[in-house]
Amino acid sequence: MSADPVATVAGVPVHVGEVDAREAWLRNGPRAAALPPSDTSEGRQLRRWLTQLIVTERVIAAEVAACDLTAAAAPTEVELLPDVAARLEIGSVAAAVLADPYARALFADVTAAVVVTDDQVADYHRRNPLRFAPPRPGGHGWRIPAVAGPPLEQVRPAITGHLLAAARRRAFRIWLDARRAASVRLAPGYEHPADPRQPDNTHRH
């Protein structure tokens, strides 16, 4: 891969040693066996992903400092990313940085104005009438799926919370992508893992 530096964030270099150190930490950790071997296509993609993580952490840190945020009232990681679907939705790098309470405080700040409308809630209920329907009692103590959707007012809080959480994740992802596009420059060999111009981003069947 390219020589040092591997990237810049607002003109400040990210040195190859930082990627080396992060990779070494992973390869000495409990999930080392699941990592791809070094000097393979997948190993290079791992280093590209780690570079994305490092530059994103720097972008987050700069924004936290600029907004003078503290982690005191940050939401929990589970509140923002309650399941695998939420992590996939926001993206692996953003999900990883949200392990930091300062990043979660920034998430809350960036998405504070996000709202969902009554029309959006009603439309979701029309399209997904059984989504929040409680299961019915079945035989032998089992619970079985509902066959009729509950009225909107019964499930309005659950639908509103579901849509609002998704909208906030989407808003944060878009905001973060824009911040990275404005301030991050990547060296050859350390492009985004999904960049179609880099040779390790191949689609195989």
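Note that the structure is predicted; figures quoted are calculated from it, not measured.

This part takes up the overall build of the chain. Counting its regular elements, the chain contains eight helices and five strands. Ordered by position from the N terminus, the helices and strands of the chain form the series β-β-α-α-α-α-α-α-α-β-β-α-β. Oriented by its inertia axes, the alpha-carbon framework of the chain measures out at about 65 × 45 × 30 Å. Intrachain contacts of the chain at a sequence separation of at least 6 include 69% that bridge at least 24 residues. Per element, the accessible surface of the chain, about 12,100 Å² overall, is 59% carbon and sulfur.

For the pair helix α6 (residues 101-110) and helix α8 (residues 152-183), the least separation of the axes is 9 Å and the interaxial angle reads 105°. In terms of orientation, α6 and α8 fall into the roughly perpendicular class. Residues Leu 106, Phe 107 and Val 110 of α6 form the contact with α8, whose participating residues are Arg 168, Arg 169, Phe 172 and Trp 175. Of the residues in the contact of α6 with α8, the class split is five nonpolar, no polar and two charged.

Here is what the cut-offs are and how they apply
- Residues numbered from 1 in each chain as written.
- Predicted model: local features only at pLDDT ≥ 70, side-chain atom pairs only at ≥ 80, totals over all residues.
- Heavy atoms only, no water.
- Helix = DSSP H or I, 4+ residues; strand = E, 2+ residues; numbered from the N terminus.
- Contact = heavy atoms within 4.5 Å.
- Areas by Shrake-Rupley, 256 points an atom, 1.4 Å probe, with all protein chains shown as cover.
- Axes fitted to C-alpha atoms, helices over the stretch in contact; angles between N-to-C directions.
- Parallel < 35°, antiparallel > 145°, perpendicular 65-115°, else oblique.
- Nonpolar A, V, L, I, M, F, W, Y, C, P; charged D, E, K, R; others polar.

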